[in-house]
Amino acid sequence: PERAAFADQVQQLAGIPYILVDDSFVRMPSMLRGIGALLGVTEHARHLGRYAEDTINTMRGRLLIQAPETRPHVYYGRRADGLETPLPGAPEADSIEQAGAINVARVLGRDGLAAITPTQLYEWNPEIIIAEERSFYNALRRNRAWRGLAAVAHKRVYLAPAYPFGWIDDPPGV
């Protein structure tokens, strides 16, 4: 409802149509096809939808056949300091869950965002860290305080792409 109200507001202010779609990770292939049809590029959208479908199924296939205890444990750090993270069920965590990885913040509950401490991150000791902001990514790579984390020690720290917009978050979805 909040997104629909925002779409209506933007459409009224701009005087141009606003298309609101379900951009959840799991609906990405069909959403790409639908947007392509609306924009008159059905064939190209069909290929993009198929690519998204194949990629998602391949990724899921590799991780979901593994027992949960052997799947990679992932932390997604938001904000400049990286100490905010989405909980399972939140749109910002959808890609981690759909990939079959384990969100280390699952112990904090479901849905929404949570502020954490460096101590909590050390207790979880994720195998992979994804940073939303370059400042957190750089701190993980350069600040000695983070070197004890498995993800940092094994060079499994990644900066989420941000252009032309966030790939994981801000907005969540394509």
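To start, this report covers the structure provided alongside it. Per chain, the residues get numbers from 1 upward, laid out in the order the sequence is written. Given that the model is predicted, a residue must reach a pLDDT of at least 70 before its local features are reported, and side-chain atom pairs must reach 80 or more before they are shown or counted; all residues, however, enter totals for whole chains, interfaces and linings. Think of the side-chain values as coming from all heavy atoms in the structure, minus any hydrogens and water.

### A short note on helix 6 (residues 134-142)
Burial classes follow relative accessibility: with a 1.4 Å probe on protein chains only, a residue under 20% of its type's maximum area counts as buried, one over 50% as exposed, and anything between as partly exposed. Helix and strand definitions follow DSSP, with helices as H or I runs of at least four residues and strands as E runs of at least two, each counted in order from the N terminus. Among all positions of helix 6, only Phe136, Tyr137, Asn138 and Leu140 are buried. It only takes one pair of heavy atoms within 4.5 Å for two residues to be counted as in contact. Each element contacted by the buried residues of helix 6 is listed here: strand 1 (73-77), helix 5 (118-124), strand 5 (128-131), helix 7 (150-153) and strand 6 (157-159).

### Regarding the packing of aromatic side chains
Stacked, tilted and edge-to-face pairs are distinguished by plane angle, under 30 degrees for stacked and over 60 for edge-to-face with tilted covering the rest, among Phe, Tyr and Trp rings (Trp via its six-membered ring) whose centres lie within 6.5 Å. What the rule picks out here adds up to four aromatic pairs. Geometrically, the ring pair formed by phenylalanine 6 and tyrosine 18 is edge-to-face, given 6.3 Å between the ring centres and 90 degrees between the ring planes. Placement of phenylalanine 6 in helix 1 (residues 2-14) and of tyrosine 18 in the loop between helix 1 and helix 2 (28-39) is noted, with a sequence separation of 12 residues between them. Residue classification places tyrosine 18 among the partly exposed residues on the basis of a relative accessible area of 31%. For the ring pair tyrosine 122 and tryptophan 146, a centre distance of 6.2 Å and an interplane angle of 5 degrees mean the geometry is stacked. One end of the pair, tyrosine 122, is in helix 5; the other, tryptophan 146, is in the loop between helix 6 and helix 7, and 24 residues separate them in sequence. Since its relative accessible area comes to 31%, tyrosine 122 is described here as partly exposed. Overall, the relative accessible area of 9% leaves tryptophan 146 in the buried class. Chaining the aromatic ring pairs together yields one cluster made of Tyr122, Phe136 and Trp146.

### A closer look at a positive patch on the surface
For patches, a residue must show more than 30% relative accessible area and have no salt bridge; joins then use 9 Å for like charges and 5 Å for nonpolar side chains, namely Val, Leu, Ile, Met, Phe, Trp and Tyr. Note on areas: these come from Shrake-Rupley sampling with a 1.4 Å probe, and a residue is covered only by the protein chains present in the view. The salt bridge criterion pairs a side-chain nitrogen of Lys or Arg with a carboxyl oxygen of Asp or Glu, the two atoms within 4 Å. Think of it this way: Lys and Arg go in the positive column, Asp and Glu in the negative one, and His and the chain ends go nowhere. For this purpose, a charge sits on NZ of Lys, CZ of Arg, CG of Asp or CD of Glu. Together, Arg134, Arg141, Arg142, Arg144, Arg147 and Lys155 give the surface a local cluster of positive charge. Here arginine 134 is to be found in helix 6.

### Some details on the pairing of strand 1
Most of strand 1 sits inside the fold, with five of its five residues counted as buried. On strand 1, burial covers both faces: His73, Tyr75 and Gly77 on one face and Val74 and Tyr76 on the other are all buried. Any two strands with at least two DSSP bridges between them are considered paired. Strand direction decides the pairing type here: strand 1 and strand 3 (residues 102-103), joined by two bridges, are parallel. By the bridge assignment for strand 3, valine 74 is matched with asparagine 103.

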